[in-house]
Number of protein chains: 2
Amino acid sequence: MNMSRTRRERLVVIGGDAAGMSAASQARRLKGPDELEIVAFERGHFTSYSACGIPYWVGGDVTDRDRLIARTPEEHRARDIDLRLRTEVTELDLDGQRVRARDVDTGEESWTSYDKLVIATGARPIRPDMPGADAAGVHGVQTLDDGQALLDTLEGTRGRRAVVVGAGYIGVEMAEALINRGYDVTVVNRGSEPMSTLDPDMGCLVHEAMEGLGITMVNDAEVTKILTGDGGTSLLERSRELGGSRVRGVVTQDREFPADVVVLGIGVRPETALAKAAGLPLGPHGGLLTDRSMRVRGHENIWAGGDCVEVLDLVSGQDRHIPLGTHANKHGQVIGTNIGGGYATFPGVVGTAVSKVCDLEIARTGLREKDAHRVGLRFESVTIESTSRAGYYPNASPMTVKMLAEHRTGRLLGVQIVGREGAGKRVDIAAVALTAGMTAEQMTTLDLGYAPPFSPVWDPVLVAARKAAAQVRGTLSRG
Amino acid sequence: MNMSRTRRERLVVIGGDAAGMSAASQARRLKGPDELEIVAFERGHFTSYSACGIPYWVGGDVTDRDRLIARTPEEHRARDIDLRLRTEVTELDLDGQRVRARDVDTGEESWTSYDKLVIATGARPIRPDMPGADAAGVHGVQTLDDGQALLDTLEGTRGRRAVVVGAGYIGVEMAEALINRGYDVTVVNRGSEPMSTLDPDMGCLVHEAMEGLGITMVNDAEVTKILTGDGGTSLLERSRELGGSRVRGVVTQDREFPADVVVLGIGVRPETALAKAAGLPLGPHGGLLTDRSMRVRGHENIWAGGDCVEVLDLVSGQDRHIPLGTHANKHGQVIGTNIGGGYATFPGVVGTAVSKVCDLEIARTGLREKDAHRVGLRFESVTIESTSRAGYYPNASPMTVKMLAEHRTGRLLGVQIVGREGAGKRVDIAAVALTAGMTAEQMTTLDLGYAPPFSPVWDPVLVAARKAAAQVRGTLSRG
């Protein structure tokens, strides 16, 4: 037995969702309460929930909100984590190793000291800086509280017109959710095609599919104003009840779209005001900068993870801000392991993402054309059409695969896939190949699973790799 | 213009399915008929068909046989390939650089000389060496001709009892096909569980699912005799019409199973009698041995590919016989490229395979426990349960993932997956990771596609990798 007891350390965690509570849980797994005290502050009502699930809850695919919660406050507390809900951290005092927290309901404030600190403050939805952006009926969908507020609005609204601002993952998923609830949905999108995480030629396929679902897609349109007040007949009474400032439409540079509800899906920014005020290092996208162990750069006893940090893009070599639950969970795991005395690192990402609009599956990994240009990479780009299963097998559905490979070296740079069932997760093949630094030529002989219900004899990713490899060779022989 | 015309070379291809005709087509793409004459011999009636599709044709999922044919004889001939159907090559004369071929219908024989030769003779189903194995109603399902013969039997048979001998991919798929056609199906299997390409603990999951479908699974049973004659009442008249030798059941060491039709799915062997007679090098599994360019070892002008060759298993470092259309196509592509004056290699396989029994998806890649033992690798083995989608998302279905990682190094050795929709093709993640030589620890941070309809926030493969990595570390710390 070790008789020389060291002082019990205190870990303070700011943020009670994926990264923060994964870190707390993993640290607790490795160190018991006699070694490590854990205090976690969460501004909202919930912990460890799947923000990515909110569109499916709003859309009705998930009927019970609590199913989005992986671990409740009570479960965390049962594992000796001192969780303080509805408590917002308002200041970091790095020299004093303490944080000031405010009870959201009572306004009471107090300081809590720490030996180790985890910052997992997440991201906040971008709210357009324009009149009406705060009107009733205008909703972000970043937190479970946001989702609940939107559902309350939908249940209390008589009109059936919804405008979604933004056509990224959240915008597109929310458009489907609202269509599923019987709304007339218009998506107002600043870009030339929806899903700007794809190249426009692939986004175009998403555009067509969305219109096929009855969603009105308005591209190249910037929202300049959100209309409020009692102008909408159907909302007349309600807006009077609410005192007037209720959404009734959005205005773009050249048109007006009536709306009974507006959902903002124009992206999020790292929530790093606290960190910034404390002088912690932020990257070009406003996210905290960490080392490979998820320690905040230059700060021995502070870690950060989840939507408030920037991550290394292994393909471009640059830092990016990618708010995604799967990364947040990995960060939390790495942080908790390191705080618990183990060793773990997060090497970076390759930028994989999948999404679904009704039966359309949309996936991407690595660099788009404009990313490659931006970081000075020349590339060959190919697009192929194939099917999800052997052509003769029932329900074989078309799939489009775009592949970028570096000029001369042939190194895989990115893959985008749009198709139906079986399309989305095929991007994982490319995600692993990117991580391993494979060339398109090497990919042509990958031993991928083949049987008629699963794939043509040449998997669509292999077909794309063959074409990309041929183009790289062709280029080589030309110069 | 190059005025010094070289003599036009002749390429002879033996075998008109995937490997042979892919080689012929690719060679033709690179060299026109003025440079290269191509003669292809095929014993059967068909070319370039999907043998893997036969179970789905028999089962009724694919209604039109011709849909299994990727390219018809006429299409090949239109591309200046002199295709000779129903013509069997009976002898190779390596010194004379010629092959002797026999017209199957007329019996006429003639010699054809070659400059370059491709051997793509495929595989033949193992027929048990026992009485009754050649009786009417006993069928292999290796070729389209075999499939047609089986369908003819099914249509002409009054009874509804089918016995499938063997529980590998073909056996399991044929069991489903026959269930779909309304047969009472019994699968007689020599092994302790079906799907011996999996470890028995995973095969057990397949066993349960098959019984759930109403298939009677008989394990640890060796067929010793096939019963024929007029013993079965229902077959009485028919067997008299046919002259008696018609199947009426199979006998194992301790039981008897009545059968109106018997399907042999006990595997295939490389069809290399010709090659053996000519003294070409064969491996331990009876397949031709080639180099990386698919050239038969020691023979400058002879290539071989498809089900008649052995392939290098990149994980074990040993040669294996893996008859699978996807490899055959790749071999053909490599051979055709090299004969056409290009450069291509086939580096080997990692042993990926997927299969489906009704809605059960079965996948494997790399080594099983017994493979690892056989090649002297010590390993950690973990099995996890997860789901195909986020747990709260509709139709999330359970999935079992087993992972083997090498002791100490943590290098991934193999993955087996059994589950429902979305399980099978997940094995591709492991197939690429195996090819890249990744460790389980490296896999824990793979940036795989995540969204609730596609995956839990930790993909099942990542969950397995985390557990395997932890076990490797634990082992390390113990010694």
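No experiment lies behind these values; they were computed from the predicted model shown.

A. Geometry of the packing of helix α11 (residues 427-436) of chain A against helix α11 (residues 427-436) of chain B. At a minimum axis separation of 8 Å, α11(A) and α11(B) run at an interaxial angle of 20 degrees. It follows that α11(A) is roughly parallel to α11(B) by the angle criterion. Relative to α11(B), α11(A) is oriented so that their crossing is right-handed. Within the contact between the two elements, α11(A) uses A:D428, A:I429, A:V432, A:A433 and A:A436 and α11(B) uses B:D428, B:I429, B:V432, B:A433 and B:A436. In terms of residue class, the contact of α11(A) with α11(B) is built from eight nonpolar, no polar and two charged.

B. Representation of the domain arrangement of chain A in the model. Residue and element names in this part refer to chain A. By domain assignment, chain A separates into domain 1 (9-124 + 269-339), domain 2 (138-264) and domain 3 (362-478). Computed over C-alpha atoms, the centres of domain 1 and domain 2 are 30 Å apart. A combined buried area of about 1400 Å² lies between domain 1 and domain 2, and 63% of that area is made up of carbon and sulfur atoms. Of all residues in domain 1, P55, W57 and V58 give up the largest surface area on contact with domain 2, accounting jointly for 39% of the area buried on that side. For the pair domain 1 and domain 2, the number of links is zero salt bridges. Run the count over domain 1 and domain 2 and you get four residue pairs in polar contact (both at pLDDT 80 or more). Considering every element that reaches the side of domain 1 that touches domain 2, the biggest residue donor is helix α2 (residues 54-59), with six residues. Partitioned by chemical class, the residues of the side of domain 1 that touches domain 2 number eleven nonpolar, three polar and three charged.

C. Summary view of the packing of aromatic side chains. In this structure the tally under the stated criterion is four aromatic pairs over all chains. When the ring of A:F46 is compared with that of A:Y49, the centres are 6.5 Å apart and the planes differ by 80 degrees; the resulting orientation is edge-to-face. For A:F46, a relative accessible area of 11% translates into the label buried. Residue classification places A:Y49 among the buried positions, given a relative accessible area of 11%. Taking the centre distance of 5.0 Å and the plane angle of 80 degrees together, the rings of A:Y56 and B:Y393 count as edge-to-face. Taken together, the residues A:Y56 in helix α2 and B:Y393 in the loop between β23 (379-387) and β24 (398-406) connect one chain to another. Residue A:Y56 shares its accessibility class with B:Y393, and that shared class is buried. Lying over the aromatic face of B:Y183, B:R160 brings its terminal NZ or CZ to 4.2 Å of the ring centre.

D. Expanded view of the UniProt feature "domain: Pyridine nucleotide-disulphide oxidoreductase dimerisation" (unreviewed entry) in chain A. With numbering aligned to this structure, UniProt lists the feature "domain: Pyridine nucleotide-disulphide oxidoreductase dimerisation" (unreviewed entry) at residues 355-457 of chain A. Here residues 355-457 of chain A runs as 19% helix and 35% strand, with 26 Å between its end C-alpha atoms.

E. Region of interest: the confidence of the model for chain A. Of all residues in chain A, 95% have pLDDT values of 70 or greater, and the mean over the chain is 93. Note on residues 231-243 of chain A: pLDDT under 50 across the span, and 20 contacts to partners over four residues away in sequence or across chains.

What counts and how
Residues numbered from 1 in each chain as written. Chains lettered and ligands numbered in written order. Predicted model: local features only at pLDDT ≥ 70, side-chain atom pairs only at ≥ 80, totals over all residues. Heavy atoms only, no water. Axes fitted to C-alpha atoms, helices over the stretch in contact; angles between N-to-C directions. Helix = DSSP H or I, 4+ residues; strand = E, 2+ residues; numbered from the N terminus. Parallel < 35°, antiparallel > 145°, perpendicular 65-115°, else oblique. Left-handed = near helix turned anticlockwise from the far one by under 90°. Contact = heavy atoms within 4.5 Å. Nonpolar A, V, L, I, M, F, W, Y, C, P; charged D, E, K, R; others polar. Domains from an automatic or database assignment. Buried area = accessible area lost by both parts, 1.4 Å probe. Salt bridge = Lys/Arg side-chain N within 4 Å of Asp/Glu carboxyl O. Polar contact = N/O pair within 3.5 Å; in protein donor to acceptor, adjacent residues only side chain to side chain. Phe/Tyr/Trp six-rings, centres within 6.5 Å; stacked < 30°, edge-to-face > 60°. Buried < 20%, exposed > 50% of the residue type's maximum accessible area, 1.4 Å probe, protein only. Lys NZ or Arg CZ within 6 Å of the ring centre and 35° of its normal. UniProt positions renumbered as here; feature names shortened; annotations may be inferred. pLDDT = per-residue confidence, 0-100.

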